[in-house]
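Understanding the architecture of this molecule
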Amino acid sequence: MKWYVKLALVFGAIVVLVLGFIIYDQITSGKIIYKTIIEGTQGKKQILKFKIEQPEFTHVLIINPSIESGWGDPDVFISATLTDPQNNNIITIGKDVVFGGTRPSPVYQRTYSDYRKKFFFKPALAGKYTLSLTVLTEHVKDVYIAIAQKGR
């Protein structure tokens, strides 16, 4: 087999693998119904409001902090509470949740997806939901937040 055929097969396998990861992420995340990027200022409480219209479906809260350039791969801690229209807590994220996952080492650097966390919930009713979020760690540039709706 010629070298360029082998190279084409390797490239094709990489493309299939990347597409597989994208499809898997879409299946586990669902359809995005709300997304925003908020500033990552340490200690600043931020309030987000969004509407859920189909409570019969499982939903996913996706939080993905982004580190300021030049600060490496630090652990990130975020305090957050998701409440329903009647002010009942649905999700509480405390200091025990580490955004960053696997510890970096000389041979491993954290990637964008290592900081991404998904929290699944099933709303009890339709209406306006509130996410209160505070970044507890220094050097967080911003935080991507999304609400996705999955199938039943």
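Here is a short report on the structure shown in this document. (Residues numbered from 1 in each chain as written. Predicted model: local features only at pLDDT ≥ 70, side-chain atom pairs only at ≥ 80, totals over all residues. Heavy atoms only, no water.)

1. Notes on the overall build of the chain
What the chain contains, in helices and strands, is 1 helix and 8 strands. Scanning the chain from its N terminus toward the C terminus, one meets helices and strands in the order α-β-β-β-β-β-β-β-β. Long-range contacts, defined as pairs at least 24 residues apart, comprise 79% of the intrachain contacts of the chain with a sequence gap of at least 6. For the chain, the exposed area adds up to about 9,300 Å²; of that, 59% sits on carbon and sulfur atoms. (Helix = DSSP H or I, 4+ residues; strand = E, 2+ residues; numbered from the N terminus. Contact = heavy atoms within 4.5 Å. Areas by Shrake-Rupley, 256 points an atom, 1.4 Å probe, with all protein chains shown as cover.)

2. Some points on the packing of aromatic side chains
Tallied over the entire structure, the rule returns 4 aromatic pairs. Ring centres 5.8 Å apart and planes at 85° place the aromatic pair Trp 3 and Tyr 4 in the edge-to-face group. Between Phe 50 and Tyr 129 the ring centres are 6.2 Å apart and the planes differ by 20°, which places this aromatic pair in the stacked class. Pair noted here: Phe 50 is in strand β2 (residues 45-52) and Tyr 129 is in strand β7 (residues 127-135), with a separation of 79 residues, a long-range link. The pair Phe 50 / Tyr 129 is uniform in exposure class, with both members buried. Clustering of aromatic rings is evident, with ring pairs tying together Tyr 34, Phe 50 and Tyr 129. (Phe/Tyr/Trp six-rings, centres within 6.5 Å; stacked < 30°, edge-to-face > 60°. Buried < 20%, exposed > 50% of the residue type's maximum accessible area, 1.4 Å probe, protein only.)

3. Description of the sheet that holds strand β3 (residues 59-67)
What holds strands together in a sheet is hydrogen bonding between their backbones, with the strands either parallel or antiparallel. Pairing in this open sheet of 4 strands is antiparallel, and the strands run β1-β8-β3-β6 from one edge to the other. Because the sheet does not close on itself, it has two edges, and the strands there are β1 (31-39) and β6 (117-121). With strand direction ignored, the average angle separating the axes of adjacent strands in the sheet is 15°. Note that β1 and strand β8 (residues 140-149) share 8 bridges and pair antiparallel. (Pairing = 2+ DSSP bridges. Axes fitted to C-alpha atoms, helices over the stretch in contact; angles between N-to-C directions.)

4. Examining the pairing of β3
With respect to burial, β3 is a largely interior element, 8 of its 9 residues being buried. In this sheet, β6 lies alongside β3 in antiparallel orientation, the contact comprising 5 bridges. Of the residues in β6, the one forming a bridge with Ile 62 is Lys 118. Relative to β8, β3 runs antiparallel, the two being bridged by 9 bridges. The residue of β8 that forms the bridge with Ser 66 is Asp 142.

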